[in-house]
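# Remarks on the overall topology
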Amino acid sequence: MPEILELAGLKVIAAYKTAEEFLEERMAGRYKEADLFIFDILLPGMTGLELAGKLRAEGEKRPIIAMSALRPRKESLERNGVVFVRKPIRLVELEATIK
C-alpha cells in the first residue's frame, strides 16, 4: 500500500498492521504533520471504522479514508466521517478521493 501512495505523490509517514500500534504512536506525539489517514476496515483487533470513530470522538478533524474489498454500510461511514475506497485500489480513484 505505501508504494501506491508514493506513486500518487504522497509522503507515507508510517504503516501499521493494527489500530492499536497506530494509537500507541499517535499517543507518543507522532503524526502532527500528517494531512490525512488511510485505514483498512478489516484490521485485526479494533477495526478501521472503530479507529476512525475513536479519532473523531477525540476531536480529529483531518480526512480519514477507509478501504476494503467489502462495502461497509453507509451509516457506518457517515457516523465516523470516513470516505470509502474499494480494494483493490486504483491509483486514479485514490488520487481523486484525496483531492
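For the structure, check the block above.
Quick look at the structure, then.

Cut-offs and rules
- Residues numbered from 1 in each chain as written.
- Predicted model: local features only at pLDDT ≥ 70, side-chain atom pairs only at ≥ 80, totals over all residues.
- Heavy atoms only, no water.
- Helix = DSSP H or I, 4+ residues; strand = E, 2+ residues; numbered from the N terminus.
- Phe/Tyr/Trp six-rings, centres within 6.5 Å; stacked < 30°, edge-to-face > 60°.
- Buried < 20%, exposed > 50% of the residue type's maximum accessible area, 1.4 Å probe, protein only.
- Pairing = 2+ DSSP bridges.
- Axes fitted to C-alpha atoms, helices over the stretch in contact; angles between N-to-C directions.
- Contact = heavy atoms within 4.5 Å.

## A short note on the environment of Gly59
- Its location among the elements puts Gly59 in the loop between helix 3 (48-57) and strand 2 (64-68).
- Between the C-alpha atoms of Gly59 and Leu42, which are 17 residues apart in sequence, the distance is 23 Å.

## Points about the packing of aromatic side chains
- According to the stated counting rule, one finds three aromatic pairs in the structure shown.
- Between the aromatic rings of Phe22 and Phe39, the centroid separation amounts to 5.4 Å while the plane-to-plane angle is 70 degrees, which identifies the pairing as edge-to-face. One end of the pair, Phe22, is in helix 2 (residues 19-27); the other, Phe39, is in strand 1 (residues 37-40), and 17 residues separate them in sequence.
- By relative accessible area, Phe22 is classed as buried at 6%.
- Judged by its relative accessible area of 7%, Phe39 falls in the buried class.
- A ring pair is formed by Phe37 and Phe39, whose centres lie 6.1 Å apart and whose planes are at 5 degrees; its orientation type is stacked. There is no split in this pair, since Phe37 and Phe39 are both buried.
- Counting every residue linked through ring pairs, the aromatic cluster contains Phe22, Phe37 and Phe39.

## Digging into unusual backbone geometry
- Here the bond from Lys87 into Pro88 is cis, since omega is 0 degrees, no more than 30 degrees from zero.
- For Pro88, the location among the structural elements is in the loop between strand 3 (82-86) and helix 5 (91-98).

## Digging into the sheet that holds strand 3
- Read across the sheet, three strands follow the order 1-2-3 without closing on themselves; strand pairing throughout is parallel. In the strand order of this sheet, the two ends are held by strand 1 and strand 3, each with one partner. The sheet shows a mean angle of 30 degrees between the axes of neighbouring strands, direction not considered.
- As paired strands, strand 2 and strand 3 are joined by five bridges and run parallel to one another. The residue of strand 3 that forms the bridge with Met67 is Val85.
- Contacts from helix 5 reach strand 1, strand 2 and strand 3, with the element oriented near 170 degrees to strand 3.

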